[in-house]
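Structural characterization, general
Letter by letter, the chains look like this.
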Amino acid sequence: MKRTISALALFIFIAVANTACSTTRKHFRDTSARSSMLDTLKYDSLMKKLANGDKSGRWPVKTKEYPLPGAILPFNRIVAFYGNLYSKNMGVLGQYPRKTMLNKLKEEVKNWEKADTATNVVPALHYICVTAQADAGRNGLHNLRMPFSQIDTVISWAKSINALVFLDIQVGFSTVQTELPLLEKYMKMPNVHLGIDPEFSMKEGSVPGKRIGTFDADDINYVTGYLAKLAKKNDLPPKIFVVHRFTKRMVTNYKDIKLRPEVQVVMDMDGWGGPELKKGTYKYFISEEPVQFTGFKLFYKNDLKNEPHRMLTPKEVLSLKPAPIYIQYQ
């Protein structure tokens, strides 16, 4: 399980972070800028390629509509660094100083470019902007919302390497229906996308970290509907929406998830462990419950804890059926 940060650490960091720059949409060079038409033949070809020879009939997922022009997937693979600037324990994004972290990300991008020379690789910073907390906190919701100044800092870092940004929500006792609208000004930015973590959606009232939480298709459909309306209203290219998962119960009624041309849904295998355990988790909870696209998380520390004490290589990850199009490092 992922660790959370304390409120004290947050307040200490805020005291020295007031100079963080404020970033607006105009500062971006839009890496997902719209073209006038979607190349549907190329789209179909790439989706078939991602299926990796799957014989089950599940992949590629059959949909009624193509994404809107400007879609990032499946024309690019995304390689993201995950974490929070207030904690060195929540992921690589906050573990190292800015320059060191960004250089490490660029090296991983090169590794994936070598592993699949036919697919362009786009870097991303996947930042946890709402963190689940064991303590109920002032709002009683067992979560801590990061200040906008920190989000602006992450966005400015991403801009320096022309990377995407994902804002990730751990709702605690709150809901996506409450938390997502608070981020609307960022969701209007063409290079900013979204992630949600069912692990910390505590619908049954358990303290985060004590039990694994859950989201239903209704929650996911609310998010895709919200993002779709935002994309239409602001003439944005499709938003990418990442849902973390490593158990069956974390996402219920997956067959009821609605796909929309304005949103690209990635089910991200979020479990840690040895290579065979991770492959099994991917098979049973991602591959066998298809939604649209798939992702795969690699842990620099936790994946090394058990035998054979190594991470899966890019080539090994790309051999999965289907091949993940979103890669995340924690």
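Summary of the structure given here. (Residues numbered from 1 in each chain as written. Predicted model: local features only at pLDDT ≥ 70, side-chain atom pairs only at ≥ 80, totals over all residues. Heavy atoms only, no water.)

**Considering the environment of T224**
- Following the sequence through the fold, T224 ends up in helix α8 (residues 217-233).
- Assessed through its relative accessible area of 1%, T224 is described here as buried.
- For the pair formed by T224 and I240, sequence separation is 16 residues and the distance between their alpha carbons is 9.5 Å.
- Residue contacts for T224: discarding those within four places in its chain leaves F241, K258, R260, V263 and V265.
- Side-chain polar atoms of T224 contact the backbone oxygen of N221, separated by 3.1 Å. (Helix = DSSP H or I, 4+ residues; strand = E, 2+ residues; numbered from the N terminus. Buried < 20%, exposed > 50% of the residue type's maximum accessible area, 1.4 Å probe, protein only. Contact = heavy atoms within 4.5 Å. Polar contact = N/O pair within 3.5 Å; in protein donor to acceptor, adjacent residues only side chain to side chain.)

**Observations regarding the packing of aromatic side chains**
- Following the criterion strictly, the structure yields nine aromatic pairs and no others.
- Pairing Y43 with F75 gives two aromatic rings, centres 6.2 Å apart and planes at 55°, and the pair type is tilted. Of this pair, Y43 sits in helix α2 (residues 40-51) while F75 sits in the loop between α2 and β1 (76-83), placing them 32 residues apart in sequence. Across this residue pair, the class does not change: Y43 and F75 are buried.
- Ring centres 6.0 Å apart and planes at 40° place the aromatic pair Y222 and Y226 in the tilted group. Taken together, the residues Y222 and Y226, both in helix α8 and four residues apart, mark about one turn of the helix.
- Among the aromatic residues, ring-to-ring pairing joins Y43, Y66 and F75 into one connected group.
- Here the basic side chain of K297 rests over the ring of Y82, its NZ or CZ set 3.8 Å away from the ring centre. (Phe/Tyr/Trp six-rings, centres within 6.5 Å; stacked < 30°, edge-to-face > 60°. Lys NZ or Arg CZ within 6 Å of the ring centre and 35° of its normal.)

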